[in-house]
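# Analysis of the macromolecular model
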Amino acid sequence: SSAAVAYVHSIPTSLKPAIPGLFNLINSAMRWGCLIYVPASTAEMLISGLELILSTVAARLIRKRLISAQRWGGVVVVALGLIVVRLSDVSPSNDGDNGRNDAE
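All values reported here derive from a predicted model rather than from experimental measurement.

### What about the pattern of salt bridges?
Under the definition given, this model contains two salt bridges. Of the charged contacts, one joins R31 and E44 as a salt bridge, the two residues approaching to 3.4 Å between their closest N and O atoms. Linking R31 in helix α1 (residues 18–37) with E44 in helix α2 (residues 40–61), this pair joins segments that are 13 residues apart in sequence. When its relative accessible area of 39% is taken as the criterion, E44 is described as partly exposed.

Here it is, written out as structure tokens:
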């Protein structure tokens, strides 16, 4: 509805492109940080899931869109999946090397 997003018209036109640019910068920084500290295969799953979750939350909070219960259910399933992926990556290994990768 136009009343819900009336505040958008108060943002100066020259600053409107900066808003998605800021989110893109934050996304890139999070992707870089995630790839530094987490294995690439796990990082890609975490990043993709987070993008889905954050886009849904942003649609609700920033754009004032109504999100269906089915979509919120999907977000919860994705969030639980991300938790499982992250916890499985942190779990100790059974081969006795305590996660170290020694070349000896």
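### Section: the nonpolar core
Grouped together as the largest cluster of nonpolar side chains are eight residues: C34, V38, A43, L46, I47, I53, V75 and L82. Every element with two or more residues in this core is listed here: α2 and α3 (69–90). For this core, the leading source of residues is α2, giving four residues. In contact with A43, not counting residues within four places along its chain, are C34, L35 and V38.

### Some remarks on the packing of α1 against α2
α2 packs onto α1 with a crossing angle of 155° between their chain directions and a minimal axis gap of 9 Å. The angle between the axes of α1 and α2 places the two elements in the roughly antiparallel class. Along this stretch, α1 crosses α2, giving a crossing that reads as right-handed. In contact with N27, M30, R31, C34 and L35 of α1, α2 contributes A40, A43, E44, L46, I47, L50, E51 and L54. Taken together, the residues of the contact of α1 with α2 sort by class into nine nonpolar, one polar and three charged.

### Topic: α2
End to end, α2 covers 31 Å across 22 residues, agreeing with the expected 32 Å (1.5 Å per residue, within 8%). Those residues of α2 that fall on the buried side of the exposure criterion are T42, A43, L46, I47, G49, I53, T56 and A59. At its buried positions, α2 is contacted by α1 and α3.

### A short note on a nonpolar patch on the surface
A grouping of Y7, I19, L22, F23, L25, I26, M30, L50, L54, L61 and I62 is seen on the molecular surface, where their side chains present a nonpolar patch of about 990 Å² in accessible area. As for its placement among the helices and strands, F23 is situated in helix α1. Classification of F23 by relative accessible area gives partly exposed; the value is 46%.

Definitions and cut-offs
- Residues numbered from 1 in each chain as written.
- Predicted model: local features only at pLDDT ≥ 70, side-chain atom pairs only at ≥ 80, totals over all residues.
- Heavy atoms only, no water.
- Salt bridge = Lys/Arg side-chain N within 4 Å of Asp/Glu carboxyl O.
- Helix = DSSP H or I, 4+ residues; strand = E, 2+ residues; numbered from the N terminus.
- Buried < 20%, exposed > 50% of the residue type's maximum accessible area, 1.4 Å probe, protein only.
- Core = buried A, V, L, I, M, F, W, Y, C linked by side-chain atoms within 4.5 Å.
- Contact = heavy atoms within 4.5 Å.
- Axes fitted to C-alpha atoms, helices over the stretch in contact; angles between N-to-C directions.
- Parallel < 35°, antiparallel > 145°, perpendicular 65-115°, else oblique.
- Left-handed = near helix turned anticlockwise from the far one by under 90°.
- Nonpolar A, V, L, I, M, F, W, Y, C, P; charged D, E, K, R; others polar.
- Expected span 1.5 Å × (residues − 1).
- Patch = residues over 30% accessible without salt bridge, like charges linked within 9 Å, V, L, I, M, F, W, Y side chains within 5 Å.
- Areas by Shrake-Rupley, 256 points an atom, 1.4 Å probe, with all protein chains shown as cover.

Function cannot be read off these values alone, since they describe shape.
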